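# Survey of secondary and tertiary structure
Each chain, written out:
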Amino acid sequence: MSLTTIKKSNLASDLIILKGKLESEGITCYLKNEFTTQLMHYVPTCEVELQVSNSDLERVEEIMSTMQD
């Protein structure tokens, strides 16, 4: 399974709402670097990445566009 990053942040908490919304729609999400950023929060280049499967990208884009409206 190939994953694509759809959003990045220095704090995992910034991605929690979007992750919850996507999961409620049946889309599996992963937080890459979640624990690394907790341990190394003082390194500004360390980012958490919200990732989804490439097969879910079209649906994710639709959901994200409705959230911005």
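A few points on the structure.

About the cut-offs
Residues numbered from 1 in each chain as written. Predicted model: local features only at pLDDT ≥ 70, side-chain atom pairs only at ≥ 80, totals over all residues. Heavy atoms only, no water. Patch = residues over 30% accessible without salt bridge, like charges linked within 9 Å, V, L, I, M, F, W, Y side chains within 5 Å. Areas by Shrake-Rupley, 256 points an atom, 1.4 Å probe, with all protein chains shown as cover. Salt bridge = Lys/Arg side-chain N within 4 Å of Asp/Glu carboxyl O. Helix = DSSP H or I, 4+ residues; strand = E, 2+ residues; numbered from the N terminus. Buried < 20%, exposed > 50% of the residue type's maximum accessible area, 1.4 Å probe, protein only. Pairing = 2+ DSSP bridges. Axes fitted to C-alpha atoms, helices over the stretch in contact; angles between N-to-C directions. Contact = heavy atoms within 4.5 Å.

## Topic: a nonpolar patch on the surface
There is a patch of nonpolar side chains on the surface, built from Met1, Leu3 and Tyr30 and spanning about 320 Å² of accessible area. Residue placement: Leu3 occurs in strand E1 (residues 3-9). On the accessibility criterion, Leu3 (35% relative accessible area) is partly exposed.

## A closer look at the pairing of strand E3 (residues 48-53)
Buried residues dominate E3, accounting for 6 of its 6 residues. Two elements, E1 and E3, share 6 bridges in a ladder whose sense is antiparallel. Note on E3: the bridge partner recorded for Ser9 is Val48. In this sheet, E3 lies alongside strand E2 (residues 29-32) in antiparallel orientation, the contact comprising 4 bridges. The partner of Lys32 across the bridge, within E3, is Glu49.

## Notes on the sheet that holds E1
Judged by pairing direction, the sheet is antiparallel, and its 3 strands sit side by side in the order E1-E3-E2 without closing on themselves. Whereas interior strands pair on both sides, the edge strands pair on one side only; in this sheet they are E1 and E2. Put simply, the sheet's adjacent strands are angled 30 degrees from each other on average, direction ignored. The sheet strands contacting helix H1 (residues 16-24) are E1, E2 and E3, and the helix crosses E2 at an angle near 155 degrees. Against the sheet, helix H3 (residues 57-68) contacts E1 and E3, and its axis sits at roughly 30 degrees relative to E1.

## Quick word on the pattern of salt bridges
Scanning all chains against the criterion turns up 3 salt bridges. With a shortest N-O distance of 2.8 Å, Glu23 and Lys19 are connected by a salt bridge. Of this pair, Glu23 and Lys19 both sit in helix H1, separated by 4 residues, roughly a single helical turn. For Glu25, the salt bridge identified is with Lys21, shortest N-O distance 3.2 Å. The exposure class assigned to Glu25 is partly exposed, which follows from its relative accessible area of 29%. The network of salt bridges with common partners includes Lys21, Glu25 and Arg59.

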